[in-house]
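Below, each chain spelled out in residue letters.
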Amino acid sequence: SNGRVKEVKNFFDEVGGMFGGMFGMKKPWTQAIIDAGFPEVSEERLEPVLAYLEFCLKQIVKDNELGGIMELLNGQFLMPAPGGDPIRNPDVLPTGRNMHALDPSSIPTQAAVEVAEDVVRKLLEKLSDDNDGAYPESIAFTLWGTDNIKTYGESLAQVLALVGVRPVADSLGRVNKVELIPLEQLGRPRIDVVVSCSGVFRDLFINQMNLMDRGVKLAAEADEPLEQNFVRKHAIEQAEELNVSIREAACRVFSNSAGSYSANVGLAIENGGWEDETQLQDQFLTRKGFAFNADKPGMMEQQADLFKSALKTVDVTFQNLDSSEISITDVSHYYDSDPTKVVQGLRDDKRKPMSLMADTTTANAQVRTLSETVRLDARTKLLNPKFYEGMLSTGYEGVREIQKRLRNTMGWSATAGEVDNFVFEDANDVFINDAEMQQRLLDTNPNAFRDMVTTFLEANGRGYWETSEENIERLQELYAEVEDRIEGV
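So, how was this worked out
- Residues numbered from 1 in each chain as written.
- Predicted model: local features only at pLDDT ≥ 70, side-chain atom pairs only at ≥ 80, totals over all residues.
- Heavy atoms only, no water.
- Disulfide = S-S within 2.5 Å.
- Pairing = 2+ DSSP bridges.
- Helix = DSSP H or I, 4+ residues; strand = E, 2+ residues; numbered from the N terminus.
- Axes fitted to C-alpha atoms, helices over the stretch in contact; angles between N-to-C directions.
- Contact = heavy atoms within 4.5 Å.
- Buried < 20%, exposed > 50% of the residue type's maximum accessible area, 1.4 Å probe, protein only.
- Arc of directions from axis to C-beta.
- Salt bridge = Lys/Arg side-chain N within 4 Å of Asp/Glu carboxyl O.
- Core = buried A, V, L, I, M, F, W, Y, C linked by side-chain atoms within 4.5 Å.
- Parallel < 35°, antiparallel > 145°, perpendicular 65-115°, else oblique.
- Left-handed = near helix turned anticlockwise from the far one by under 90°.
- Nonpolar A, V, L, I, M, F, W, Y, C, P; charged D, E, K, R; others polar.

Undergrad: Tell me about the state of the cysteines, and name the residues and values.
TA: Disulfides are covalent bonds that link the sulfur atoms of two cysteine residues. Tallying each qualifying case throughout the model produces zero disulfides. Here cysteine 251 stays unpaired: no disulfide links it, and the sulfur of cysteine 197, its closest cysteine neighbor, is 12 Å away.

So this is what it looks like as structure tokens:
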């Protein structure tokens, strides 16, 4: 009613299929697959896939946002529905219903545990292959609140899987305990973890922080060989170093203090108000060094020494990308919480840990190095003509979006040092050396363009981008010209 689309009917498809079948014609999608080089395609085997795609299309066009508002205003009942990523969970559609997130006590779900185990297997296989069969002893994790809502606790389950504990649900589906997986069944050493939780994760999932802490302490107190239990190995070393019990030394779940959010590293980089990388690293350690302890529920105690002691054993830093909506340069949050150079500064040998990211946006999860992920992101966003032309078509705000991605790319240089030189060089060729593009950016948003020029100069000045003196001189002259234009000189 009222012109809203409520259902997709496939009447014309059915009629077309009937007449096409009479004349021996293939259905359009079948013909397209044949033309693409797959002549043996079976229409019968395609039917379930196409039926599911048709169902998804029906859900998408059932836009009931205005209808839902009217039902509420009329005092009618509005059906509840889950929120989240529609690609990961099609039940999110159609929109216009009474959206809810999830029951925090129900995560990680069994499906999330299965996906997490697959990612952990790929992660450890990659690390083992790259290190002559040796496993890493400790991995630093970053956990996000909204991402765990979307994935129903996948990254949380990864932490538990690495340590070698499994979540146990009760008869109502509430996950409120963990149990140790025997080493014989695990088939590998228990990997130590250092978990940095976002402020939102701390607020939403305090019970899951409890699960992780109890799981790590179970592993630390297990009477097992140290070469098969890196959690216990490090807890014993840190207990001696800090003169505390093994249980206290096994605290591995950290976040901000209550009411505080982020490391503010991203804010410093965005504003350019930082002296050197040491300042950023100290800021991370100070703001993120509050430990969760299941033995002292409801408290986040500042444990800077324990945080540093745990981080200096880290061999690998790891994050998840679990939504196709946001990439690592769309926002500053990802590099804000990246501890790669923090760990390097704390390690006795000053070796930079390997940085990895898991892409779980598809069913076939991929584990890539951070440098590979940055390259992929640069090619698909910042340096992609379809992306930046699309941004420019939106006008003033589009130029700011392009500049923001360039600045966030430099953020990864500051916190991880994993941005290849060609990314800045190619960006300079696209946005600065091209006179026509330069003028478009300047005319559309001179302030954002000035910030872009500043970012290039800052990247060079801080040693993240090596380029010719000619490029630097051009940028310096361009900065003066843009400044004069903004000031009306």
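There is more to say, and it comes next.
Undergrad: Lay out the sheet that holds strand β9 (residues 300-302) with the relevant residues and their values.
TA: Reading across the sheet, the eight strands line up as β9-β8-β7-β6-β3-β10-β11-β12 and stay open at both edges, with mixed pairing between neighbours. The open sheet is flanked by β9 and β12 (366-369), the only strands paired with a single partner. Strand-to-strand, the axes of this sheet are offset by a mean angle of 30°, without reference to chain direction. Here strand β3 (residues 138-143) runs beside strand β6 (residues 192-197); their pairing, made up of six bridges, is parallel. Its bridge partner being in β6, alanine 140 is matched across the sheet by valine 194. On the sheet, helix α15 (residues 304-311) packs against β6, β7 (253-255) and β9 and is oriented at approximately 130° with respect to β6. The sheet strands contacting helix α18 (residues 370-380) are β10 (316-321), β11 (354-359) and β12, and the helix crosses β12 at an angle near 95°.

Undergrad: Describe the pairing of strand β4 (residues 165-169), with residues and values.
TA: In summary, the side chains of a regular strand alternate between the two faces of the sheet. Taken together, the five bridges between β4 and strand β5 (residues 175-180) define a ladder with antiparallel strand orientation. Pairing of valine 165 across the sheet is with leucine 180, part of β5. In textbook terms, the turn of a hairpin is the stretch between consecutive antiparallel strands, and for β4 and β5 this stretch comprises five residues, one of which, glycine 173, has a positive phi near 85°.

Undergrad: Describe the environment of alanine 161, and please don't skip the residues or the numbers.
TA: Its place among the elements puts alanine 161 in helix α7 (residues 154-163). Residue class for alanine 161 comes out buried when judged on its relative accessible area of 13%. Taking the C-alpha atoms as reference points, alanine 161 and threonine 146, 15 residues apart in sequence, are found 21 Å from one another. What alanine 161 contacts, discounting residues up to four positions off in sequence, is Val120 and Arg188.

Undergrad: Provide a residue-level description of α18, including the pertinent values.
TA: Within the sequence span of α18, burial applies to Leu370, Ser371, Thr373, Val374, Asp377 and Ala378. Along the long axis of α18, the arc covered by the buried residues comes to 160°, so they all point the same way.

Undergrad: Give a description of the pattern of salt bridges that names residues and reports values.
TA: The full count for this structure, using the stated rule, is 37 salt bridges. Residue arginine 450 is joined to glutamate 483 by a salt bridge in which the shortest nitrogen-to-oxygen separation is 3.1 Å. Taken as a pair, arginine 450 in helix α23 (residues 446-461) and glutamate 483 in helix α24 (residues 469-487) lie far apart in primary sequence, 33 residues in all. Through salt bridges that share partners, Asp330, Lys381, Glu397, Arg400, Glu401, Lys404 and Arg405 make up one connected network.

Undergrad: Break down the nonpolar core for me, with residues and values.
TA: Of all hydrophobic cores here, the largest spans 63 residues; its most connected members are Leu311, Trp412, Phe431 and Phe449. What phenylalanine 431 contacts, discounting residues up to four positions off in sequence, is Leu382, Tyr388, Ile402, Met437, Gln438, Leu441, Phe449 and Met452. With 44 residues, the next largest nonpolar core counts Leu102, Leu156, Val165 and Met300 among its residues.

Undergrad: How would you sum up the packing of helix α11 (residues 230-242) against α15? Please name residues and give values.
TA: At a closest axis distance of 11 Å, the pairing of α11 and α15 adopts a crossing angle of 140°. Here α15 runs oblique to α11, going by the angle between their axes. Note on packing geometry: the crossing formed by α11 with α15 is right-handed. Of α15, the residues touching α11 (which contributes Gln238, Glu241 and Leu242) are Asp305, Leu306, Ser309 and Ala310. Among the residues making up the contact of α11 with α15, the classes are represented as three nonpolar, two polar and two charged.

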